[in-house]
Amino acid sequence: MAEFSIRLHQIDSSDQSFEFPIKSAWLASVLADTDVSAPETGAGSLSIRLYRSGPDIIVHGTAEATLVVACSRCLENVKVPVSSELSLVMSEAPSGSDSESEEVELENEDLGREFYQGDELVFDDIVRDHLLLELPMQPRCTDPPCPEWVKKYLTTAEEAEEQAKEKKPDPRLAALK
């Protein structure tokens, strides 16, 4: 069952807003195949504005959540707040197409487009993907900072430059000069 779905009959040509809580249980289930996990409580929220434009549905919104990942320095779990803007066009899937088994060649205008089938818009996969893409590449502990033992292994750019100057070349390479 979809967590974030809206029936087509609820959407007309005027702006309509929808609010959904993002629950920890839902996050845990959709993130099970990743190195990311959900906090125990209070995961986040999804706010969506929809309107029709001819046969298409225009979607604008924001997905906000807190995700738990390993700190890139000390490997302790750290809660990372993420927020992603959603902006896309949803169109009815072409009749007779099975999106799971059929390859489709995308054109430039298709890159911001999602397809729906039936009489329901489902945003679960879209929300999951947008939240994961907002995670920093190297998440770090901030509050509280990494434990003290980590600091002895870290060097600043100035320290690394100084160490490189002090480092003498391997004497076996002297013959190559």
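What comes next concerns the included structure. Being a predicted model, the structure only gives us computed values, none of them experimental.

What follows concerns unusual backbone geometry. For Leu-75, which is not glycine, the phi torsion reads 65° and is therefore positive. Mapped onto the elements, Leu-75 comes out in the loop between strand S4 (56-70) and strand S5 (77-92). For Leu-75, a relative accessible area of 65% puts it in the exposed group.

This paragraph deals with the state of the cysteines. Applying the stated criterion across every chain yields a total of 0 disulfides. For Cys-74, which is in no disulfide, the shortest distance to another cysteine sulfur is to Cys-141 and amounts to 3.6 Å. On the accessibility criterion, Cys-74 (6% relative accessible area) is buried.

Attention now goes to the nonpolar core. Leu-27, Leu-50 and Phe-123 are the most contacted members of the largest nonpolar core, which has 41 residues in total. Of all the elements in the fold, those that place two or more residues in this core are strand S2 (16-22), helix H1 (24-30), strand S3 (44-53), S4, S5 and helix H2 (124-133). With residues near it in sequence (within four places) discarded, Leu-50 still touches Ile-6, Ile-11, Ser-14, Asp-15, Gln-16, Phe-18, Ile-57, Ile-58, Val-59, Leu-121 and Phe-123.

Parameters at a glance
Residues numbered from 1 in each chain as written. Predicted model: local features only at pLDDT ≥ 70, side-chain atom pairs only at ≥ 80, totals over all residues. Heavy atoms only, no water. Helix = DSSP H or I, 4+ residues; strand = E, 2+ residues; numbered from the N terminus. Buried < 20%, exposed > 50% of the residue type's maximum accessible area, 1.4 Å probe, protein only. Disulfide = S-S within 2.5 Å. Core = buried A, V, L, I, M, F, W, Y, C linked by side-chain atoms within 4.5 Å. Contact = heavy atoms within 4.5 Å.

Keep in mind that these numbers describe shape and distance, not what the molecule does.
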